[in-house]
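# Coordinate analysis (summary)
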Amino acid sequence: MCGSCAMTVNGVPRWTCRTHVDKVAGDGAVTVGPLRNLPVIKDLTVDMDPFFDRWTAAGGVFEPTGARDDAVPVLSPGMPARRAADAAIKCINCAVCYAACDVVSANPDYLGPAALNRAWSLVNDVKDGALDARLTAVSGAGGCHNCHSQQGCAVHCPNGLNPTAAIVGLKRATVRAALGRKVR
Ligand code: SF4
Ligand code: SF4
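This brings us to the site of ligand 1. Of all residues adjacent to ligand 1, which total 13 residues, the nearest are C101, C147, H148, Q151 and C153. If you list the elements that add at least two residues to the shell around ligand 1, you get α8 (152–156) and α9 (163–178). In terms of residue class, the shell around ligand 1 is built from seven nonpolar, six polar and no charged.

The next thing to look at is the pairing of strand β2 (residues 12–15). With burial as the criterion, only one face of β2 is covered, namely that bearing P13 and W15; the residues V12 and R14 on the opposite face remain uncovered. Looking at chain direction, strand β1 (residues 6–9) and β2 are connected through four bridges and run antiparallel. Bridge pairing in β2 places A6 opposite W15. In sequence, β1 turns back onto β2 through a hairpin of two residues, with N10 there showing a positive phi of about 50 degrees.

Of all 11 residues in helix α6 (residues 113–123), 10 are buried, a share of seventy percent or more. Within α6, the full set of buried residues consists of P113, A114, A115, L116, N117, A119, W120, S121, L122 and V123.

Ranked by internal contacts, the top residues of the largest apolar core, which has 42 residues, are Y110, L116, W120 and L170. Listing elements by their share of this core, those giving two or more residues are α2 (49–57), α3 (80–88), α4 (96–100), α5 (102–106), α6, α7 (131–138) and α9. Aside from chain neighbours lying at most four places away, what touches L116 is Y110, L111, V138, G143, C144, I167 and L170.

Time to look at the pattern of salt bridges. The full count for this structure, using the stated rule, is four salt bridges. The closest approach of N and O atoms between R82 and D86, which form a salt bridge, is 3.0 Å. Highlighted residues: R82 and D86, both in helix α3, separated by four residues, approximately one helical turn. Note that D125 and K127 form a salt bridge whose closest N and O atoms lie 3.0 Å from each other.

Let's shift gears to unusual backbone geometry. The backbone phi angle of N10 is positive, close to 50 degrees, even though this residue is not glycine. Within the secondary structure, N10 is located in the loop between β1 and β2. Unusually for a residue other than glycine, Q151 sits at a positive phi of about 70 degrees. Tracing the backbone shows Q151 in the loop between α7 and α8.

Conventions adopted
- Residues numbered from 1 in each chain as written.
- Chains lettered and ligands numbered in written order.
- Predicted model: local features only at pLDDT ≥ 70, side-chain atom pairs only at ≥ 80, totals over all residues.
- Heavy atoms only, no water.
- Near = heavy atom within 4 Å.
- Helix = DSSP H or I, 4+ residues; strand = E, 2+ residues; numbered from the N terminus.
- Nonpolar A, V, L, I, M, F, W, Y, C, P; charged D, E, K, R; others polar.
- Buried < 20%, exposed > 50% of the residue type's maximum accessible area, 1.4 Å probe, protein only.
- Pairing = 2+ DSSP bridges.
- Core = buried A, V, L, I, M, F, W, Y, C linked by side-chain atoms within 4.5 Å.
- Contact = heavy atoms within 4.5 Å.
- Salt bridge = Lys/Arg side-chain N within 4 Å of Asp/Glu carboxyl O.

From the geometry alone we can't say anything about function, so treat these as descriptive.
So this is what it looks like as structure tokens:
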């Protein structure tokens, strides 16, 4: 896990380790600042607690259905649920998407793109046993239905993830669950 170098450079959230000055310097100047949407501790350092609190609130903790000594289930990497989980799983918790999200700025209850993306990876994990609780967690007042789907998070994610697509999946899954239909 890395991503701790995330900052705002010339108004854009990004990983500074992957930012070449000559590619971002506008008019020969570079301005650096802390990530948006998080409390500033000092200078460029932000308090990440609100970001991770939302992971917990979105049900971002894996709840195993098996015990330590059970045989590991064999899953085809091509099954649709596994592919959806894999597409969302490579998040490194850098909070760049969280800083880019205008709904996070406007709604202090919103869970944000990274926490919802994590929830989507677990909704698609057939080894996880907390599907119903997680769908309830992501459909509340600060949940997935607040997202406007304009993809600011996907545009800025330095890891190439698409939290917007994950959130669309959550919107569908929560509606299916509310209608009593099968989600997985
Ligand atoms: S698409 Fe949704 S989660 Fe992504 S930046 Fe926009 S409102 Fe935030
Ligand atoms: S989804 Fe992308 S931008 Fe957001 S925390 Fe994960 S790696 Fe960072």
